[in-house]
Amino acid sequence: MSRKILVVGAGQSGLQLALGLQTQGYEVTLMSNRTADEIRSGRVMSTQCMFHTALQHERDLQLNFWESQAPKIEGLGVSVAAPGSHDPGPTQRAIDWVGTLDGYAQSVDQRVKMAGWMETFAQRGGQLVIHGAAVSDLDYFSRTYDLVLVSAGKGELVSMFGRDASRSPYTEPQRALAVAYVHGMGVRPEHPDFDAVRCNLVPGVGELFVMPTLTTSGRADILFWEGIPGGPLDAFQGVKDPSEHLALTLELMEKFTPWEYARATKVELTDANGTLAGRYAPTVRNPIGRLPGGGAVLGVADVVVANDPITGQGSNSASKCAAAYLAAIVEHGDKPFDEEWMQATFDRYWDTAQHVTKWTNTMLQAPPEHVLNLIGAAGQLQPVADRFANGFNNPADFENFFYEPEKTNAYLASVSGA
Ligand SMILES: Cc1cc2nc3c(=O)[nH]c(=O)nc-3n(C[C@H](O)[C@H](O)[C@H](O)COP(=O)(O)OP(=O)(O)OC[C@H]3O[C@@H](n4cnc5c(N)ncnc54)[C@H](O)[C@@H]3O)c2cc1C
């Protein structure tokens, strides 16, 4: 008899798991609080830039439906504004370089991807239930399914999973987030020939990320401000009108990143739902959710490890988590999915996720001198730029050259010597 699995939440991790399990012959029920059409016509949710390893997990499951249409992001650029140069302005760039990614990255609007994947799941005979699950529902389902996976993102169901204070250094949001999807962005004048994600760091103020995406109306670009709370970029709360949101985005770009503003003078929003603003505290949780009736459920991706988007890792991590859990479920065969298995399954994912959390939490702080030196050196030494860029695909590599001044210096010496 095939095993019955309930997946609660139809985002990157939940859909990837549901579709993967379905292919493996499991009897899968997927619970989503929105229909595919509601997702497709709803608000943007992310900037969802995904790097090679995470995209490969999708290819392995033949879920890369939009790969040929989505822009291929071949580079990752970093610019740093010269401290204080925005006052009185114009802001100058102290650092500006582009690293080459070994494998390209892509961003497919989650409205396109999740809606499409959800329809595929149903077409393949999966049971799709449109219902916002409550803890009381899960109590019942944990008795009727062999396994319940909670992949509901940062929503209310996280309350079932205790916060792991030892792995969560922050209790408050570290950035105010403001996203705008636009058409009409000009090319990067320095490198018009290939697409890149651009990370613009404005010391003491925040960051602007610019990247191409495939949205519901085709190719577009995303303008994404991450503002230090209480600072000049923390200005989007209460802005309800999307055109006002875009005007504010552009005004801040003109002041703090005029080199990006220069190619944004003709942009317009992709659609009335093409903006997003919010904030959340990065949090790692205990992976096992215990229900009032005694059942246990396993948390997936953002439910258990939610990092700030400053390093663009959440969807990547969701893909990696789904791949790790899928392998663990299949390997477990007919044995019961007990708490011991749940903990071991999460621990296996944490082997990768811990590096993402460490790096992301470090990037939220003002960079120490050796990191500034590293980012500066990448402007002269292309191998350094390339290695930094490829760290977005495999953040574990930062252990080798990023955190400790001795390792950074030794690495820079080895590259300049060569
Ligand atoms: C502004 C911003 C920019 C980002 N940029 C990037 C980036 O460039 N690269 C990157 O890798 N990551 C990025 N991320 C992070 C990334 O979007 C998330 O980490 C990722 O989507 C998490 O996937 P998930 O499957 O855990 O959850 P989600 O994608 O959040 O999916 C959860 C789903 O569950 C549903 N749900 C919630 N509650 C219930 C319920 N009770 N019952 C049923 N369904 C429920 C939700 O509606 C949603 O559809 C960004 C995030 C933000 C906010």
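Use the structure listed above.
Structure report, in brief. (Residues numbered from 1 in each chain as written. Predicted model: local features only at pLDDT ≥ 70, side-chain atom pairs only at ≥ 80, totals over all residues. Heavy atoms only, no water.)

This brings us to the overall build of the chain. When helices and strands are counted, the chain shows 12 helices and 17 strands. Here the C-alpha atoms of the chain give a radius of gyration of 21 Å, agreeing with the 22 Å that 2.2 N^0.38 yields for 418 residues. Taken over 418 residues, the chain has a buried fraction of 56%. (Helix = DSSP H or I, 4+ residues; strand = E, 2+ residues; numbered from the N terminus. Rg over C-alpha atoms; globule rule 2.2 N^0.38 Å. Buried < 20%, exposed > 50% of the residue type's maximum accessible area, 1.4 Å probe, protein only.)

Looking at the ligand, there are 33 residues lining it, with Ser13, Asn33, Ser46, Thr47 and Ser315 nearest. Here an oxygen atom of the ligand sits 2.6 Å away from a polar atom, N or O, in the side chain of threonine 47. Alone, the ligand offers 1000 Å² of accessible surface; in the complex the protein occludes 90% of this. Counting residues per element, the ones that place at least two in the shell around the ligand are helix H1 (12–23), strand S2 (27–32) and helix H8 (314–331). The element best represented in the shell around the ligand is H8, accounting for four residues. Tallied by class, residues from the shell around the ligand come to 13 nonpolar, 19 polar and one charged. (Near = heavy atom within 4 Å. Polar contact = N/O pair within 3.5 Å; in protein donor to acceptor, adjacent residues only side chain to side chain. Areas by Shrake-Rupley, 256 points an atom, 1.4 Å probe, with all protein chains shown as cover. Nonpolar A, V, L, I, M, F, W, Y, C, P; charged D, E, K, R; others polar.)

Before going further, it helps to spend a moment on the pairing of strand S10 (residues 206–215). Of all the 10 residues making up S10, 10 are buried; the element is thus mostly covered by neighbouring parts of the structure. By the alternation rule, side chains of S10 split into Gly206, Leu208, Val210, Pro212 and Leu214 and Glu207, Phe209, Met211, Thr213 and Thr215, which are all buried. Summarising the sheet, strand S9 (residues 195–202) and S10 pair through five bridges and their orientation is antiparallel. When the sheet's bridge partners are listed, valine 202 is paired in S10 with glycine 206. Between S9 and S10, which pair antiparallel in sequence order, lie three residues; one of them, glycine 204, sits at a positive phi of approximately 80 degrees. Sheet topology places S10 next to strand S11 (residues 218–227); 10 bridges connect them, and they run antiparallel. (Pairing = 2+ DSSP bridges.)

A separate point is empty space enclosed by the protein. Scanning the model with the defined rule gives two cavities of 30 Å³ or more in all. Considering only enclosed or pocket space, the largest cavity measures out at about 90 Å³ in volume. Surrounding the largest cavity, Leu55, Glu58, Arg59, Asn64, Phe65, Trp66, Glu67, Gln106, Val108 and Lys113 form its lining. Broken down by element, the residue count for the lining of the largest cavity peaks at three residues, all from helix H3 (residues 52–60). Along the lines of polarity and charge, the residues of the lining of the largest cavity split into four nonpolar, two polar and four charged. Grouping the amino acids of the lining of the second largest cavity by side-chain chemistry returns two nonpolar, three polar and one charged. (1 Å grid on protein atoms, 1.4 Å probe; cavity = no way out; pocket = protein on both sides within 12 Å on 5 of 7 lines; lining within 4 Å. Points joined across faces, edges and corners; volume = space filled by probe spheres on them.)

This model, assessed by the stated rule, comprises 19 aromatic pairs. What links up through ring pairs into an aromatic cluster is the set Phe51, Trp97, Trp359, Phe388, Phe392, Phe398, Phe401, Phe402, Tyr403 and Tyr411. A cation over a ring is seen here: lysine 154 above tyrosine 280, with NZ or CZ 4.5 Å from the ring centre. The ring of tyrosine 403 has lysine 358 sitting right over it, with the charged end atom 4.2 Å from the ring centre. (Phe/Tyr/Trp six-rings, centres within 6.5 Å; stacked < 30°, edge-to-face > 60°. Lys NZ or Arg CZ within 6 Å of the ring centre and 35° of its normal.)

Its volume calculated, the second largest pocket comes out at about 470 Å³. As for the second largest pocket, its lining consists of 33 residues, of which Leu201, Glu207, Gln365, Ala366 and Pro367 are closest to the centre.

What follows is about H1. In a regular helix each residue adds 1.5 Å, so 12 residues correspond to 16 Å; H1 covers 17 Å between its end C-alpha atoms and thus fits that length. Most of H1 is tucked away, with 11 of its 12 residues classed as buried. Three or more residues of H1 are buried, namely Gln12, Ser13, Gly14, Leu15, Gln16, Leu17, Ala18, Leu19, Gly20, Leu21 and Gln22. Taken from the residues just after H1, glycine 25 is the one with a positive phi, measuring 90 degrees. (Expected span 1.5 Å × (residues − 1).)

We now examine the side chain of histidine 370. Within the secondary structure, histidine 370 is located in helix H10 (residues 369–377). A polar contact is formed between the side chain of histidine 370 and the backbone oxygen of tyrosine 403, at a distance of 3.1 Å. In contact with histidine 370, not counting residues within four places along its chain, are Phe402, Tyr403, Glu404, Pro405 and Thr408. (Contact = heavy atoms within 4.5 Å.)

Turning our attention to unusual backbone geometry. In this chain, aspartate 87 is followed by proline 88 through a cis amide linkage whose omega measures 10 degrees. Here proline 88 is to be found in the loop between strand S4 (73–81) and strand S5 (93–107). Residue proline 90 follows glycine 89 across a cis peptide bond; omega there is -5 degrees. Structurally, proline 90 is set in the loop between S4 and S5. Of note, the phi angle at glutamine 48 is positive, near 45 degrees, even though the residue is not glycine. The phi dihedral of alanine 301 is positive, around 50 degrees, even though this residue is not glycine. For alanine 301, the position within the fold is in the loop between strand S16 (296–299) and strand S17 (305–306).

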